[in-house]
Amino acid sequence: MWLNRDIVSIGDLNKEEILQVIEKANSFIPYAKTGHPDSPLKGKIVATLFYEPSTRTRLSFEAAAKRMGAEVLGFGSIESTSVVKGETLMDTIRIIDGYSDAIVIRHPSEGAARLASEYSEVPIINAGDGAGQHPTQTLLDIFTIWKELGKVDDITIGFVGDLKYGRTVHSLSKALSHFNVNLHFISPETLKIPKHIRKEIEKKVPVREHLDLEEVIEKLDVLYVTRIQKERFPDPEEYKKVAGTYILKPSTVARGKKSMIIMHPLPRVDEIPVEIDNLPQAKYFKQASYGVPVRMALLDLILRGE
Amino acid sequence: MWLNRDIVSIGDLNKEEILQVIEKANSFIPYAKTGHPDSPLKGKIVATLFYEPSTRTRLSFEAAAKRMGAEVLGFGSIESTSVVKGETLMDTIRIIDGYSDAIVIRHPSEGAARLASEYSEVPIINAGDGAGQHPTQTLLDIFTIWKELGKVDDITIGFVGDLKYGRTVHSLSKALSHFNVNLHFISPETLKIPKHIRKEIEKKVPVREHLDLEEVIEKLDVLYVTRIQKERFPDPEEYKKVAGTYILKPSTVARGKKSMIIMHPLPRVDEIPVEIDNLPQAKYFKQASYGVPVRMALLDLILRGE
Amino acid sequence: MWLNRDIVSIGDLNKEEILQVIEKANSFIPYAKTGHPDSPLKGKIVATLFYEPSTRTRLSFEAAAKRMGAEVLGFGSIESTSVVKGETLMDTIRIIDGYSDAIVIRHPSEGAARLASEYSEVPIINAGDGAGQHPTQTLLDIFTIWKELGKVDDITIGFVGDLKYGRTVHSLSKALSHFNVNLHFISPETLKIPKHIRKEIEKKVPVREHLDLEEVIEKLDVLYVTRIQKERFPDPEEYKKVAGTYILKPSTVARGKKSMIIMHPLPRVDEIPVEIDNLPQAKYFKQASYGVPVRMALLDLILRGE
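Residues numbered from 1 in each chain as written. Chains lettered and ligands numbered in written order. Predicted model: local features only at pLDDT ≥ 70, side-chain atom pairs only at ≥ 80, totals over all residues. Heavy atoms only, no water.

### Side note on the overall build of chain A
- Counting secondary structure elements, chain A contains eleven helices and nine strands.
- Its C-alpha atoms give chain A a radius of gyration of 19 Å, within 12% of the compact-globule value 19 Å for 306 residues.
- Oriented by its inertia axes, the alpha-carbon framework of chain A measures out at about 55 × 40 × 40 Å.
- For chain A, buried positions account for 63% of its 306 residues.
- Look at the contacts in chain A between residues 6 or more apart in sequence, and 73% of them connect residues 24 or more apart.
- Working note: accessible area of chain A is about 11,400 Å², and carbon and sulfur atoms make up 49% of it.
- The average position of the 41 basic charges and that of the 42 acidic charges among the side chains of chain A differ by 3 Å. (Helix = DSSP H or I, 4+ residues; strand = E, 2+ residues; numbered from the N terminus. Rg over C-alpha atoms; globule rule 2.2 N^0.38 Å. Buried < 20%, exposed > 50% of the residue type's maximum accessible area, 1.4 Å probe, protein only. Contact = heavy atoms within 4.5 Å. Areas by Shrake-Rupley, 256 points an atom, 1.4 Å probe, with all protein chains shown as cover. Lys, Arg positive; Asp, Glu negative; His and termini not counted. Charge placed at Lys NZ, Arg CZ, Asp CG, Glu CD.)

Rendered as structure tokens:
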């Protein structure tokens, strides 16, 4: 049952449902650049409420809605809203509920999207709630693997960078544990994947941790790189030391499989130097572009049902 | 004659015209969530120029335009505009006039919309000009009464809160004086309805003033609550005292008629506690949602005529 | 070959191509206020990436896209984007490339649009890059002359104001040098047209420089006024002296030809007093409105070809 469903956490979707999104997204690829010829969501309004800055997520939801024939309204920052007058999230949601057919929300506070879903009659799609969830990012990540490697099962994935705070890695690794995968987590000691997440995942799939990408690069089918944020380190010297060692080197990529794909949720800063961009393994811009068909699929499912 | 008409003040509309908007809005209710099947405003562009923050008004105008098939362009805050380069309102209006079929404007200065209407060839809709007017709020307020009570005549309305500065109350009470109503104004001494407004209204309908809502609650068909803004009080202690006594209590509502409706222009802060939200009398979110059909009706009238 | 072409500099277009845009724009005039009945760009998405504030350019591109049936997405200021997270222009462009069919970009750095065009597969339209180029402004300026005077050849044009920093004047005078025109540059000594630009232009058409508009007003078919920005002067006293002498007087206009047209790229501050606005010569608001058909023509050419 997809119709009017809230998509708050990737954990709300089982394996079969994830594959359903992927297959529909794939069928929409031809329309992701030209628009769906039937405008199946004509007459619908998608509200995009972005309480935090975003380029990729907001604009790819808008592109997805428009490629399906829907209209979009909302805000990209709170400066132009009644939030500055002290309005609560619950009240804003109950009002926008009256103006739209689905609400896409990004908010700095963990749990905001779940709260919104309790007050809204129209479906809520979580587009990132602080340290919490960002389920459509996870869906497009899985779609990228499926599309570029032809499968999600029987592959080995390495996550590298800040695995402690990165919600992207937490969600994706949990979702991948539905599949037959091997997971490697590569991070500095201080940015290791949280124990409770590791424990949850390793009940279902093999997990290994490493301090050095070189140890494991040869085995990987997917190298998923994330940003290491300076703000995470109390001591700037420690940041410098760590950041430097987590910059991806072309020589490291060269040691990996030819068929390996490099992914990144973007924006990147230094961790993937621009000379990597032209390697055939670099798929992060393609990954970003897959946000459109994946979100077209999801909007279609929750606004029209299966 | 509606075609190309400016809607600057609720005083520009007579009783018959107000009822015309209400009837058309009512006929659009089925389309307010699904879109008008004929897209009667297809090809039209509505410009929304918001010099001040707003969620409700801007987004409900955008929803209304899109549900009618029109396109929308504009800005939600002045940071992204040439206003920061020193452009005058008159010049901005004369330019946007060339890009759109109607202009919806919110501005912090009283009289801004009237001024805009003098420089624009396309119709101007005032979406709030400082302490001045906000006619579409008044129209949706009257629509809410009409829709929820089945009539606007022969009812008793109590306004409570800041009646001195609240433009919403000034406009609505003036518009209601076209009808056969009883009006009660309940406010602290320092926030009483301005004398010139009271005088104008009581020429046409019975008016009473009170310091305490409890005195009059049993008589009311409509309880219209407004925010008391801290900034209005030079002495924060006085604010605290007053604000506390103007928080609506469930026990007060319980003393009122079962059929009484509670309205609020929103955003609310503390004056209506969330436990009121679930009472059948609470209509303020429904009131906000009626902004869409009312604005659909108004856009249709001024862009296509009767 | 127009299809998918980048429009970065007016120098990218030859005389024949400029005239092609003008003719197509003229054919779109009837649709610039009503929308093109065939929605020839239906299904297309135009991204508007404005890294700097703008009212005119952004909204007229949006109006143009919508009048042609296209959809628009983007941002009007960088506060709501990942730019604040340190994302480079190149990365932003490669991502938006996946969400749109054409990208309109305004950026404070000269060369930004050219750089963007190197990373984008969809066509880039430069909507102003710092001291650099703003080719669609030049096209609408030429269109205004053509439309209001009936020709671009055999006319005399005077540019007045800040000719040193004004990219509008630099681009327009270069583009006009394709035609049979006489150019007069009127400016204070410190704001003269740069030598390298004068040299380039005077290879092709007669050029004269003046300190005083009165010397030359009688000869002009077009008086093109620009803003003198206070920030350009290290000494505020010198600014005051110069600014005052470059305010257009009705008596000066009266000395000119009856058929002379007054243009300005807008926003204006003091250099054209409002009493000029009602003179028949004043064409600057009409000029701004021509931005819509000119941009409709350009979008049609690059998204559908000739």
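That shown, we press on.
### Section: the domain arrangement of chain A
All names here are of chain A.
- Here chain A is partitioned into domain 1 (10-133 + 290-304) and domain 2 (135-288).
- Taking the mean C-alpha position of each, domain 1 and domain 2 sit 26 Å from one another.
- Between domain 1 and domain 2, the contact holds 27 residues from the first and 25 residues from the second.
- Of the roughly 2,400 Å² buried at the junction of domain 1 and domain 2 (both faces included), carbon and sulfur atoms supply 66%.
- Among the residues domain 1 hides against domain 2, the three largest losses belong to I10, R56 and Y290. Together they make up 32% of the total.
- For the pair domain 1 and domain 2, the interface holds one salt bridge.
- Taking the shortest distance from any N to any O, the salt bridge between K15 and D153 comes out at 3.9 Å.
- Counting only elements with at least two residues in the side of domain 1 that touches domain 2, the list comes to helix 1 (15-28), helix 2 (56-67), strand 4 (124-129) and helix 11 (291-304).
- Here the side of domain 1 that touches domain 2 is composed, by residue class, of 15 nonpolar, seven polar and five charged. (Domains from an automatic or database assignment. Buried area = accessible area lost by both parts, 1.4 Å probe. Salt bridge = Lys/Arg side-chain N within 4 Å of Asp/Glu carboxyl O. Nonpolar A, V, L, I, M, F, W, Y, C, P; charged D, E, K, R; others polar.)

### Details of the relation of the copies chain C and chain B
- Its rotation angle being 120°, the transformation that places chain C on chain B also includes 0.0 Å of axial translation and leaves an RMSD of 0.0 Å. The transformation just described matches what one would write down for a three-fold rotation axis.
- When the interface residues of chain C are mapped onto chain B, a mere 3% of them again fall at the interface, so the copies present different faces. (Least-squares fit on C-alpha atoms with pLDDT ≥ 70 in both.)

### Notes on the interface of chain C and chain B
- Contacts between the two partners involve 29 residues from chain C, matched on the other side by 28 residues from chain B.
- Our enumeration of links across chain C and chain B arrives at four salt bridges.
- Across the pair D101(B) and R67(C) runs a salt bridge whose closest N-O atoms are separated by 2.9 Å.
- Where chain C touches chain B, the interface holds ten residue pairs in polar contact (both at pLDDT 80 or more). (Polar contact = N/O pair within 3.5 Å; in protein donor to acceptor, adjacent residues only side chain to side chain.)

### Comments concerning the pairing of strand 6 (residues 181-186) of chain B
All names here are of chain B.
- Counted residue by residue, strand 6 has five buried out of six residues, so it is predominantly covered.
- Sheet topology places strand 5 (residues 155-160) next to strand 6; six bridges connect them, and they run parallel. Paired with I157 across the strands is L183, a residue of strand 6.
- In this fold, strand 5 hands off to helix 6 (residues 167-176), which returns the chain to strand 6; that crossover is right-handed.
- Alignment of strand 6 against strand 7 (residues 207-210), held across four bridges, turns out to be parallel. Considered in strand 7, the bridge of H184 is made with R208. (Pairing = 2+ DSSP bridges. Right-handed = clockwise from strand over helix to strand, strands pointing away.)

### Comments concerning helix 11 (residues 291-304) of chain C
Residues and elements named next belong to chain C.
- Between its first and last C-alpha, helix 11 extends 19 Å over 14 residues, near the 20 Å set by a 1.5 Å rise per residue.
- Along helix 11, 13 of the 14 residues are buried, which leaves the element largely enclosed by surrounding structure.
- Directly after helix 11, the chain includes G305, whose backbone phi takes a positive value near 80°. (Expected span 1.5 Å × (residues − 1).)

### Focus on the sheet that holds strand 3 (residues 102-107) of chain C
All names here are of chain C.
- With parallel pairing, four strands are arranged side by side in an open sheet as 2-1-3-4. Of all strands in the sheet, those with a lone pairing partner are strand 2 (71-75) and strand 4 (124-129), marking the two edges. Here the average twist between neighbouring strands, direction ignored, is 15°.
- In the sheet, strand 1 (residues 45-50) pairs with strand 2 via five bridges, with the strands oriented parallel. Each bridged residue has a counterpart across the sheet, and for I45 the counterpart in strand 2 is E71. (Axes fitted to C-alpha atoms, helices over the stretch in contact; angles between N-to-C directions.)

### Thoughts on the interface of chain C and chain A
- On the chain A side, the residues contacting the 28 residues of chain C number 29 residues.
- Here chain C packs against chain A, burying approximately 2,300 Å² in sum over the two surfaces, 51% of which is carbon and sulfur.
- The interface formed by chain C and chain A contains four salt bridges.
- The salt bridge partner of D91(C) is R268(A), with a shortest N-O separation of 2.5 Å.

### Re empty space enclosed by the protein
All names here are of chain C.
- In this structure the tally under the stated criterion is one cavity of 30 Å³ or more.
- Quantified by volume, the largest cavity comes out at close to 70 Å³.
- Where the lining of the largest cavity is concerned, the elements lending two or more residues are helix 2 (56-67), helix 5 (135-149) and helix 10 (284-289).
- Here the residues of the lining of the largest cavity are counted per class, giving six nonpolar, five polar and two charged.
- Looking at the lining of the largest cavity, you find at least three residues from each of domain 1 (10-133 + 290-304) and domain 2 (135-288). (1 Å grid on protein atoms, 1.4 Å probe; cavity = no way out; pocket = protein on both sides within 12 Å on 5 of 7 lines; lining within 4 Å. Points joined across faces, edges and corners; volume = space filled by probe spheres on them.)

### A closer look at the packing of aromatic side chains
Residues and elements named next belong to chain C.
- In total, this model carries 21 aromatic pairs over all chains according to the counting rule given.
- Centre to centre, the rings of Y51 and F75 are 5.3 Å apart; their planes meet at 85°, and the pair counts as edge-to-face. Here Y51, found in the loop between strand 1 and helix 2, pairs with F75, found in strand 2; they are 24 residues apart in sequence, far enough to count as distant.
- The buried category is assigned to Y51, whose relative accessible area is 11%. (Phe/Tyr/Trp six-rings, centres within 6.5 Å; stacked < 30°, edge-to-face > 60°.)

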